[in-house]
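Observations on the three-dimensional arrangement
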Amino acid sequence: MRGGNKTDLSKSGANVISGGKSRKIGSLEKGYMAYIMIAPFVIVFLVFTLYSVLQTIWLAFTDTVLLDPQSGNFDGINQFQRLFGETIFRRSIGNTWLIWIVNFLPQLGVAMLLSVWFSSSFLRLRLKGLWRSLIFLPNMMMPATVGVMYERLFQDRYAPANQFLLGIRAVNTPIEFFDSPQFNQMLVAYIQWWMWYGNTVVILVAGMSSISVALYESAMIDGANGWRMFKSITLPSLRPILVYTLVTSLVGGLQMFEIPFMISNTGGPRNSISTMFTVMFRKYESGRKFIASAAAVGVIILIMSTIASSIVFFLLRDRDEIAEKKARKIAEKEKKLKSKAVM
Amino acid sequence: MIMKSSTALRESSSAQLIFFRLIIYVVLIFLSALAVVPIWLVIINATRSSVEIRTSLSFLPSTHLAQNWRFLEGSGTGMLQGYQNSIFVSVSASVLTVYFSMMTAYALEVYNFKIKDIFRRFIYLLVLIPMGVSVMGFYQYMARLGLVNTYIPLIIPAIAAPPNVFFAEQYLKTSLVKDLIYSARIDGCSELGIFHRIMLPMAKPGIFTLLIFQLIFNWNSFLLPAMIITSRSRYTVPLVVRQLEGDTYRTEIGAVFLGITLSLFPIIFIYTLLSKQIVGGLTLGALKE
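Model, not experiment: these values are computed from the prediction.

What follows concerns the overall build of chain A. Looking only at helices and strands, chain A features 15 helices and zero strands. Along the first, second and third principal axes, the C-alpha atoms of chain A reach 85 × 70 × 50 Å. Among the 343 residues that make up chain A, the fraction classed as buried is 48%. Seen as two clouds, the 36 positive and the 20 negative side-chain charges of chain A have centres 8 Å apart.

If you want it as structure tokens, here you go:
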């Protein structure tokens, strides 16, 4: 590869001398080098990633059971039909969405509030870096460990959470937290919130810092109050970032796995914290390894997140921009027609 | 006029402002406590005996660290081995993904080639697709290749990581000085030589940030190792932590907390040293509308 480069280099050198203008080197021709450089990515992507996706989709339409050599035949959509017949799977869809929404709304709300505070030139808060570092810390923690950690903090009558509640006399008798399905769900939602709102704050602050201060100044002269400025300047300017946050959180949320799985690898009381992803993993781990059924769950998650993110993109698209584009197109057409008419 | 009105505004509401600030600080202290207290409790409990943990709450360390460690290692959890394995896997995967993501992004930034735009859009699209859902096919494929219980499936796929290429590209867009590339060419430097000797040193801050994030990401990774790695001696740290949920540790809760602490320790250590770069790096390059 190296030798080949050298010979080509002399060619480009000639270009520099004869071609003169920097455009030749400036446009950085040498397209073949690009192919060499993206080759590792493309090869690994095709061989590992793409093949795995196709293999998963294929698996979902077979009756493969990993420890059953007789299996592996085409099975149509039976896996999907069977899945939707399972109470646990149907419940896991609801759980996943419920836990995600209960975590996301406060996540966005708190993050919005904090980032307005952090970027306000009016409040001039101190130690911003410290606060941000502290609330971002949970995002870096190992999710598997965080699950175990919270499980142990609330585990039983003698767990630290009970000692705390007894200590401040909030309760008289210790609580068996994990007996309650609602508690399980809310704890998972809380942990997701705990791990992710700091991340959202950092992203929103970066977005807000790119909004021109002049906009706020002129609004202030016009006598707009804080809420009004937030609604008509901050929110519209943040739209792309909000779409990004919403979509990444959604796609990640539909794959919620480590936290609920570490709190209970059987799905908690009445399967309250069985998420789609934990159901998938349990199908794979259980008995004879029902990998085809697990793959079908994966395909459903894929379809669901594609549809959901498309809906988000559609609902939060920039209507003004689209209208503007349309108007411009129409204007151009008219121009063309006119110029033709003149001719 | 502007000055007047804004100073007037400030003066009239200065008492209000102080009060408002106070509330904000209280909220910030509360949220910081929410973030730190659970982790702090776990670290403290790693130094306490199981009896102590089950009878009282404490924010100060005790003296049973060595005892908990003896139980943790004595029960064959293999935390030290897990550390070795995790370091090997996360360093290899992270270095590979940073190097090849930078290379791919460099190609996209610097050269003109036919499929450039399609390729770029394709990568942007891939960022949004949840790759986690393809683990079942991945596992079966690896089983067929005889790669189950090896580290290859955990390391090699890192070469093709669309989100990292996206990050690298956004970063290079703002930091790459193209003139240097031109002059290096005139000086007779090879194309790969330019990438290695000029681009990589120039993009150090971006590379550093990406590397830190990837190290943490790979250190934390649970799903793939849980499927691929089957023998205990090859367990990575998250798999070791998973064992702590087993029956052996029902009563030895001090050892469990020590295990949790050890799995978090490297991250807390790195984060304490580099929190500024990490928090700042999250939006470095990315999200430039």
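Read on, since the account is not over.
On to the packing of aromatic side chains. One pass over the full model with this rule turns up 40 aromatic pairs over all chains. Their ring planes at 10° and their centres at 4.4 Å tell us that W193(A) and Y197(A) sit as a pair that is stacked. You can see W193(A) and its partner Y197(A) sitting in helix 9 (residues 181-209), four residues apart, about one turn around the helix. For W193(A), a relative accessible area of 10% translates into the label buried. What makes Y197(A) buried here is its relative accessible area of 2%. A ring pair is formed by Y83(B) and W219(B), whose centres lie 5.4 Å apart and whose planes are at 80°; its orientation type is edge-to-face. With Y83(B) in helix 5 (residues 79-110) and W219(B) in helix 12 (residues 204-220), this residue pair connects regions lying 136 residues apart in the sequence.

A word on the pattern of salt bridges. Scanning all chains against the criterion turns up 10 salt bridges over all chains. For the salt bridge of E245(B) with R152(A), the shortest nitrogen-to-oxygen distance reads 3.5 Å. With E245(B) in the loop between helix 14 (237-243) and helix 15 (253-281) and R152(A) in helix 7 (residues 143-154), the pair connects residues from two separate chains. Relative accessible area serves as the criterion here: at 2%, R152(A) is assigned to the buried category. In this structure, E191(B) engages R185(B) in a salt bridge whose closest nitrogen and oxygen atoms are separated by 2.7 Å.

Below, the discussion takes up empty space enclosed by the protein. Taken as a whole, this structure holds two cavities of 30 Å³ or more when the rule is applied. For the second largest cavity, the calculated volume is near 30 Å³. Considering the residues around the second largest cavity, the lining is formed by V53(A), T56(A), I57(A), G298(A), V299(A), L302(A), V133(B) and S134(B). Broken down by secondary-structure element, the contributors of at least two residues to the lining of the second largest cavity are helix 3 (31-60) and helix 14 (291-315) of chain A. Here the lining of the second largest cavity is composed, by residue class, of five nonpolar, three polar and no charged.

So, on to helix 6 (residues 128-140) of chain A. Taking 1.5 Å as the rise per residue, helix 6 of chain A with 13 residues should run 18 Å; its terminal C-alpha atoms sit 19 Å apart, in good agreement. Roughly 25° is the biggest bend found in helix 6 of chain A, and it falls at L134(A), with proline P138(A) one to four residues downstream. Those residues of helix 6 of chain A not exposed but buried are W131(A), S133(A), I135(A), F136(A), L137(A), P138(A), N139(A) and M140(A). Along its buried surface, helix 6 of chain A packs onto helix 5 (87-119) and helix 9 of chain A together with helix 2 (14-45), helix 12 and helix 15 of chain B.

Looking now at the interface of chain A and chain B. In many reports, interface size means the accessible area that the parts give up when they come together. In this assembly, 104 residues from chain A lie in contact with 109 residues from chain B. The contact between chain A and chain B buries some 9,600 Å² in all, and 76% of this surface belongs to carbon and sulfur atoms. Counting across the interface, chain A meets chain B through three salt bridges. The salt bridge partner of R54(B) is D156(A), with a shortest N-O separation of 3.0 Å.

Next up on the list: helix 4 (residues 78-85) of chain A. Residues and elements named next belong to chain A. Of all the residues in helix 4, the buried ones are Q79, F80 and L83. Viewed along the axis of helix 4, the buried residues span an arc of 95°, placing them on a single side of the element. Of the residues in helix 4, the exposed ones pointing more than 90 degrees away from the buried face are Q81 and G85. Here the buried face of helix 4 lies against helix 3, helix 5, helix 13 (276-285) and helix 14.

Residue and element names in this part refer to chain B. Checked against the element boundaries, K116 lands in helix 6 (residues 116-128). Buried and unpaired, K116 has no salt bridge, with E109 as the nearest side chain of opposite charge at 6.4 Å. A distance of 2.7 Å separates the side chain of K116 from the backbone oxygen of Y111, its partner in a polar contact. When near neighbours in sequence (up to four residues on either side) are disregarded, K116 contacts L108, E109 and Y111.

Residue and element names in this part refer to chain B. With respect to the element layout, S101 can be found in helix 5. We classify S101 as buried; its relative accessible area is 0%. Apart from the residues lying within four places of it in its own chain, the contact partners of S101 are A161, N164, V165 and A168.

Within the largest apolar cluster, 179 residues are counted, with the highest numbers of intra-cluster contacts made by Y106(B) and M136(B). Not counting residues up to four positions away in its chain, the partners in contact with Y106(B) are M37(A), Y111(B), L172(B), L176(B), I181(B), I194(B), F195(B) and M199(B).

On to the environment of L204(A). Locating L204(A) in the fold gives a position in helix 9. L204(A) has contacts with A111(A), M112(A), S115(A), L238(A), I241(A) and L242(A), leaving out every residue within four places of it along the chain.

What follows concerns the packing of helix 6 of chain A against helix 9 of chain A. Residue and element names in this part refer to chain A. Running from N to C, helix 6 and helix 9 cross one another at 130°; their axes reach a closest spacing of 6 Å. Taken as axis vectors, helix 6 and helix 9 run oblique relative to one another. Crossing of helix 6 against helix 9: the hand is left-handed. Two secondary-structure elements touch here, helix 6 through R132, I135, F136, P138 and N139 and helix 9 through W194, M195, W196, Y197, G198, N199, V201, V202 and V205. Class assignment of the residues belonging to the contact of helix 6 with helix 9 gives a composition of 10 nonpolar, three polar and one charged.

The subject of this paragraph is the confidence of the model for chain A. The predicted coordinates should not be examined in detail at positions where pLDDT is low. Confidence along chain A averages 86 in pLDDT terms, with 90% of residues attaining 70 or more. Across residues 1-27 of chain A, where pLDDT falls below 50, the model places 26 contacts with residues more than four positions away in sequence or in other chains.

Here we take up unusual backbone geometry. Residues and elements named next belong to chain A. Even without being a glycine, R124 presents a positive backbone phi close to 45°. Within the secondary structure layout, R124 lies in the loop between helix 5 and helix 6. For R169, which is not glycine, the phi dihedral falls at a positive 60°. The class of R169 is exposed, set by a relative accessible area of 70%.

With that settled, consider the environment of P238(B). Assignment of secondary structure puts P238(B) in helix 14. Judged by its relative accessible area of 0%, P238(B) is buried. Every residue in contact with P238(B), bar those within four places of it in the chain, is listed here: M142(A), A144(A), S86(B), W219(B), N220(B), S221(B) and F222(B).

Criteria and cut-off values
- Residues numbered from 1 in each chain as written.
- Chains lettered and ligands numbered in written order.
- Predicted model: local features only at pLDDT ≥ 70, side-chain atom pairs only at ≥ 80, totals over all residues.
- Heavy atoms only, no water.
- Helix = DSSP H or I, 4+ residues; strand = E, 2+ residues; numbered from the N terminus.
- Buried < 20%, exposed > 50% of the residue type's maximum accessible area, 1.4 Å probe, protein only.
- Lys, Arg positive; Asp, Glu negative; His and termini not counted.
- Charge placed at Lys NZ, Arg CZ, Asp CG, Glu CD.
- Phe/Tyr/Trp six-rings, centres within 6.5 Å; stacked < 30°, edge-to-face > 60°.
- Salt bridge = Lys/Arg side-chain N within 4 Å of Asp/Glu carboxyl O.
- 1 Å grid on protein atoms, 1.4 Å probe; cavity = no way out; pocket = protein on both sides within 12 Å on 5 of 7 lines; lining within 4 Å.
- Points joined across faces, edges and corners; volume = space filled by probe spheres on them.
- Nonpolar A, V, L, I, M, F, W, Y, C, P; charged D, E, K, R; others polar.
- Expected span 1.5 Å × (residues − 1).
- Bend = angle between axes of the 7 residues up to and from the residue.
- Contact = heavy atoms within 4.5 Å.
- Buried area = accessible area lost by both parts, 1.4 Å probe.
- Arc of directions from axis to C-beta.
- Polar contact = N/O pair within 3.5 Å; in protein donor to acceptor, adjacent residues only side chain to side chain.
- Core = buried A, V, L, I, M, F, W, Y, C linked by side-chain atoms within 4.5 Å.
- Axes fitted to C-alpha atoms, helices over the stretch in contact; angles between N-to-C directions.
- Parallel < 35°, antiparallel > 145°, perpendicular 65-115°, else oblique.
- Left-handed = near helix turned anticlockwise from the far one by under 90°.
- pLDDT = per-residue confidence, 0-100.

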